[in-house]
Amino acid sequence: MDLSYPPEEEEFRARLREWLAKTLPTLPPKPSPADWPARRAYDMGWQRTLYDAGYAEVHWDGSPTRRLIFLEETERAGAPYVGAGFVGLLHAGPTIAAEGTPEQRERWLPPILRGEQVWCQGFSEPGAGSDLAALRTRAWRDGDTYVVNGSKIWTSHAEVADWCELLVRTDPDAPKHRGISWLALPMDTPGVTVRPLRTLAGSEEFAEVFLDEVRVPAANRVGAENDGWRVTMVTLSFERGTAFVGEVVACRRVLGELAREARRNGRWDDPVLRRGLGRLNAEFRALWRLTQWNVSEAEASGGVPGVGGSVFKLRYSQARQALYDTAADVLGADGLDLARPWVLDRLSSLSYTIAAGTSEIQRTIVAERILGLPRGR
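Computed from a prediction, not measured in an experiment: that's the story for all the values here.

Engineer: Give a description of the packing of aromatic side chains that names residues and reports values.
Structural biologist: For the structure shown, the criterion picks out nine aromatic pairs. Ring plane angle 65° and centroid distance 5.9 Å describe the contact between F12 and Y55, whose orientation is recorded as edge-to-face. Placement of the pair is F12 in helix α1 (residues 7-23) and Y55 in the loop between α2 (36-53) and α3 (64-76), with a sequence separation of 43 residues. In this pair, the class of F12 matches that of Y55, namely buried. Residue placement shows R141 over the ring face of Y146; its charged tip is 5.3 Å from the ring centre. For the cation-ring pair, R263 lies above W268, with the distance from its terminal atom to the ring centre recorded as 4.0 Å.

Here you go:
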């Protein structure tokens, strides 16, 4: 497979790189990580800047290759990440673009692209563990609305979100993968309660969400009733297949910074550390090529990433943890100082073998859908 970029995409890269060089110095300073209203305003302001410059539509209207170049160049330039726009731009938005009706796409996608609305993800539940299909949040039809009761956990950016991509069980008697529906929930609906959760790193980008007799219009359902599991697989294919692309570029940059820090503080003299850095360099180079392969596959299949995203997610999660374990080796005693670079990233890396589907789930997908092994009991 040819993993090189065609001339027109390289021209896009050059234009984007020039625009970033002119624009980034004009941005205001980043707000405090603990100030979520300010973070929302900053992140949405950057999204509006992209929109006004004609780069916002790359998330859905551009080819997968163009999206790859966009994420690569913005990360290399040190541009703001999607931040509070993560779910809308990289999860819900692509799903609506692929599965929504024309009316739904017109209703929800432009405000996301303009930086006017933030989405959160209401998938995981306290009692379901890593088995997403075991969700129990119930929704039953009452005329033109669904009435929803239940709770969600690890709901990304719920504290500042306008909308939630919500999975609910609409047929409790159906097999668990077949009785689920995908709803778009306005977060200001009566009966919605949000309680922030503090992570190991001290941040509060997740929350518990409680749903008590919440009414959601049936017109907010994406896909057919009880077909939500299939729609969810589209969401997860984006989450695992392309949402981490910018982070791979960031990890490659951190790897170079670690090598420079090791030379500065004398740790470079340790041959074991040097070999570890070399292995990580090979690992992330391979992950980047795998990313290109996955994007090429998505290009050929209408833009939706395939199951190769699970291969990437599995290996990337492990590589990221190894990278920040190595960062602790480079820092030595300073690796306990939360004010030092990479220390908080090391704490957050612990979640990557759980987030976006546990490594055990990814291994099952690889075994059954790629290797063709029989299903486990």
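Picking up where we left off.
Engineer: I'd like a description of α1, backed by residues and values.
Structural biologist: For α1, spanning 17 residues, the distance from its first C-alpha to its last is 24 Å, which sits close to the expected 24 Å at 1.5 Å a residue. Buried-residue contacts for α1 involve α2 and α3.

Engineer: Explain the pattern of salt bridges to me, using residue names and the numbers behind them.
Structural biologist: By the definition in use, this model includes 23 salt bridges. Measuring nitrogen to oxygen at the nearest pair gives 3.0 Å for the salt bridge that ties D162 to R40. With D162 in the loop between β3 (145-152) and β4 (163-169) and R40 in helix α2, the pair connects residues that are 122 residues apart, well separated along the chain. Notably, a salt bridge pairs K152 with E125, separated by 2.8 Å at the nearest N-O pair. Here K152, found in strand β3, pairs with E125, found in the loop between β1 (119-122) and β2 (138-142); they are 27 residues apart in sequence, far enough to count as distant.

Engineer: Give me the nonpolar core: which residues, what numbers.
Structural biologist: Ranked by internal contacts, the top residues of the largest apolar core, which has 40 residues, are F70, L258, F284, Y316 and L323. Broken down by secondary-structure element, the contributors of at least two residues to this core are α1, α2, α3, α7 (245-265), α8 (271-300) and α9 (308-331). Discounting chain neighbours no more than four positions away, the residues touching F284 are V248, C251, R252, Y316, A319, R320 and L323.

Engineer: Which residues make up the environment of N281, and what are the values?
Structural biologist: Tracing the sequence through the fold places N281 in helix α8. With relative accessibility at 39%, the residue N281 sits in the partly exposed group. Along the sequence, N281 and L323 sit 42 residues apart, while their C-alpha atoms lie 9.5 Å from each other.

Engineer: Just give me the short version of the side chain of S181, but keep the residues and values in it.
Structural biologist: Summarising the element assignment, S181 is placed in strand β5 (residues 180-186). Separated by 2.8 Å, the side chains of S181 and T170 make a polar contact. Beyond its immediate chain neighbours, meaning those up to four positions away, S181 contacts L166, L167, V168, T170, R221, A224, E225, N226 and G228.

Engineer: Go over the side chain of R169 with me, naming the residues and quoting the values.
Structural biologist: With respect to the helices and strands, R169 occurs in strand β4. With no salt bridge to any partner, buried R169 finds its closest opposite charge in D171, at an N-O distance of 7.5 Å. Residues within four places of R169 in sequence aside, it is in contact with A133, A134, L135, T137, R138, A139, P175, K176, G179 and I180.

Engineer: Report on the packing of α1 against α2, specifying residues and quantitative values.
Structural biologist: A pair of packed helices is captured by two measures, namely the crossing angle of their axes and the spacing between those axes. Contact pair α1 / α2: the axes reach a minimum separation of 13 Å and the direction vectors enclose 130°. Judged on the interaxial angle alone, α2 and α1 are oblique. Along this stretch, α1 crosses α2, giving a crossing that reads as right-handed. Between α1, through W19, L20 and T23, and α2, the contact on the second element is made entirely by W46, T49, L50 and A53. Along the lines of polarity and charge, the residues of the contact of α1 with α2 split into five nonpolar, two polar and no charged.

Engineer: For unusual backbone geometry, give the residues involved together with the corresponding values.
Structural biologist: Residues other than glycine predominantly adopt negative phi, and peptide bonds predominantly adopt the trans conformation. Positive phi is not limited to glycine here, since E213 has a value of about 55°. For E213, the position within the fold is in strand β7 (residues 206-217). In this model, N226 sits at a positive phi of 70°, which is unusual for a non-glycine residue. In this fold, N226 is placed in the loop between β8 (221-222) and α6 (228-241). By relative accessible area, which is 22% here, N226 ends up partly exposed.

Engineer: Now, about α7: what can you tell me, with residues and values included?
Structural biologist: Helix length check: α7 (21 residues) gives 31 Å between terminal C-alpha atoms against 30 Å at 1.5 Å per residue, within 8%. Note on α7: the residue one or two positions beyond its end, G266, has a positive phi of about 90°.

The rules behind each value
- Residues numbered from 1 in each chain as written.
- Predicted model: local features only at pLDDT ≥ 70, side-chain atom pairs only at ≥ 80, totals over all residues.
- Heavy atoms only, no water.
- Phe/Tyr/Trp six-rings, centres within 6.5 Å; stacked < 30°, edge-to-face > 60°.
- Helix = DSSP H or I, 4+ residues; strand = E, 2+ residues; numbered from the N terminus.
- Buried < 20%, exposed > 50% of the residue type's maximum accessible area, 1.4 Å probe, protein only.
- Lys NZ or Arg CZ within 6 Å of the ring centre and 35° of its normal.
- Expected span 1.5 Å × (residues − 1).
- Contact = heavy atoms within 4.5 Å.
- Salt bridge = Lys/Arg side-chain N within 4 Å of Asp/Glu carboxyl O.
- Core = buried A, V, L, I, M, F, W, Y, C linked by side-chain atoms within 4.5 Å.
- Polar contact = N/O pair within 3.5 Å; in protein donor to acceptor, adjacent residues only side chain to side chain.
- Lys, Arg positive; Asp, Glu negative; His and termini not counted.
- Axes fitted to C-alpha atoms, helices over the stretch in contact; angles between N-to-C directions.
- Parallel < 35°, antiparallel > 145°, perpendicular 65-115°, else oblique.
- Left-handed = near helix turned anticlockwise from the far one by under 90°.
- Nonpolar A, V, L, I, M, F, W, Y, C, P; charged D, E, K, R; others polar.

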